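Here are the chains, one letter per residue:
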Amino acid sequence: MNSSDAVREGLIPLLPRLRRLARALAGQVADADDLVQIVLERSLARAAQWRPDAALDKWVFAIARNAWRDELRARGRTQHLFAPEESGEMAADRASAQPAQQLELAMALAALPPDHREVVALVLVEGMSYGEAAELLEVPVGTVTSRLARARATLQAHLGKDA
Amino acid sequence: MNPIDDETLQAYVDGELDKPGAARIDAALAHDAALARRVQQARDLRAQLRAAFDPVLDEPAPARLSALLQPRSAQTEIPAAPSVLPVGGRGISTTRRRATRRWFVPGAALAASVALLAVALWWWQPGDDLVRMQGGQSFAAGALTHALDETLASEPDAHAPVAIGLSFRSTDGRICRTFVLRSPPARAGLACHSDAGWSLPVLSAVTPPEGGGELRRAASDLPPEVQAAVDARLRGNVFDAQQERAARDAGWRQLPSRRGAGKTR
């Protein structure tokens, strides 16, 4: 099996987690799945760079995070990924299946600065350790913990306000 | 004792605190109600985030994503990605993304498209020289018919009044193409070939991009109701450049050759 096939096969069971991570980063279903498509394409294109002794999930999640950052840069909007009038679309995506509080939370997350959103997505949604997140983000562990603490404070304040 | 700062408390909640640190908080929790409340809040937030995003794990992935992970032999049947779309020089992060944007249309949008069709038909009033009514149906006319007949998306013309986007075989066997009328009022739609001409099951106004920039839309950024109409009809995948050309040369009637379908990258 060549590296491309190995990566392709490894990606299949990862797809649900990749979509969850993308949803936490990008917010809207459509944006998130567009991000996932880019990640899959890049992962397959760069399959030769993956070393089988490295964890495929972390390798792919790093590609996802970088692709998301690229998207933010391309859009020239670093804070809000979607415009206010589009938030109704997101509400429509989710309203049927989700309690209002979760919708509030998802929107509060989407309003966080990218530095904060990505640590929340990696640690609290994906379940990475601080060390794993730090390695992926190429920052010290202390930076992850301080960003995470500030992100939590923002999200909790938001939820508290609406409760 | 020292107050417990947010980062320490968070590390405790996240299982990142070393044993002595965790033991210290365990002990403090027994008699510190405020601390217990903070711990509970942090746990609640974590649980709520999981509750908000874990359901994604159980959602079926859109076909366009699963198709990318098919073995190559299967990809000739279900090619991975639209390939006829105009590709600019901006690389994957924008061009490819825009080209495939919002292909996954939630069911609600499908329902909405029915309502929007009525609006679109109203918008596209008879008398427009690009559309004609026949038997209660809208058909392409004039320059739109010409563009649908002749224009290849693989040979885009930025100055043409009609931009062609995707071409594909519909679930009913007809060949359908998306298009955008660039001149104001900008409109986008889907045209499906039949013996009577190109019928237009969906037409819609296009909102100009922010900042009043030049309208450059083609296959990318179609209105949701047009994308929903595509989604509802799409079987397999959109044509690549060879298939598109073969379909044109066959007068949009015959199934184009599948050769080259695997060369989507």
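Owing to the predicted nature of the structure, the values given are computational and were not obtained by experimental measurement. (Residues numbered from 1 in each chain as written. Chains lettered and ligands numbered in written order. Predicted model: local features only at pLDDT ≥ 70, side-chain atom pairs only at ≥ 80, totals over all residues. Heavy atoms only, no water.)

## Points about the interface of chain B and chain A
Link 1 in the chain: Of the residues lining the interface, 42 residues belong to chain B; the matching set on chain A comes to 53 residues.
Link 2 in the chain: When chain B packs against chain A, the two sides together hide about 4400 Å² of surface, and 56% of this comes from carbon and sulfur.
Link 3 in the chain: For the pair chain B and chain A, the number of links is 5 salt bridges.
Link 4 in the chain: In this structure, Glu59(B) and Arg23(A) form a salt bridge, with 2.7 Å as the shortest nitrogen-oxygen distance. (Contact = heavy atoms within 4.5 Å. Buried area = accessible area lost by both parts, 1.4 Å probe. Salt bridge = Lys/Arg side-chain N within 4 Å of Asp/Glu carboxyl O.)

## Focus: the environment of Pro13(A)
Link 1 in the chain: Structurally, Pro13(A) is set in helix H1 (residues 3-26).
Link 2 in the chain: Distance in space between the C-alpha atoms of Pro13(A) and Asp57(A) is 9.8 Å, their sequence separation being 44 residues. (Helix = DSSP H or I, 4+ residues; strand = E, 2+ residues; numbered from the N terminus.)

## A short note on the state of the cysteines
Residue and element names in this part refer to chain B.
Link 1 in the chain: The final tally for this structure, using the stated rule, is 1 disulfide over all chains.
Link 2 in the chain: A disulfide bridge connects Cys176 with Cys192, and the sulfur atoms are separated by 2.0 Å. Across the disulfide from Cys176 to Cys192, rotation about the S-S bond amounts to roughly 105°, and the bridge is consequently right-handed. Here Cys176 is found in strand S4 (residues 175-181), whereas its partner Cys192 is found in strand S5 (residues 187-194), with 16 residues between them in sequence.
Link 3 in the chain: Judged by its relative accessible area of 0%, Cys176 is buried.
Link 4 in the chain: Exposure remark for Cys192: the relative accessible area of 3% places this residue in the buried category. (Disulfide = S-S within 2.5 Å. Buried < 20%, exposed > 50% of the residue type's maximum accessible area, 1.4 Å probe, protein only.)

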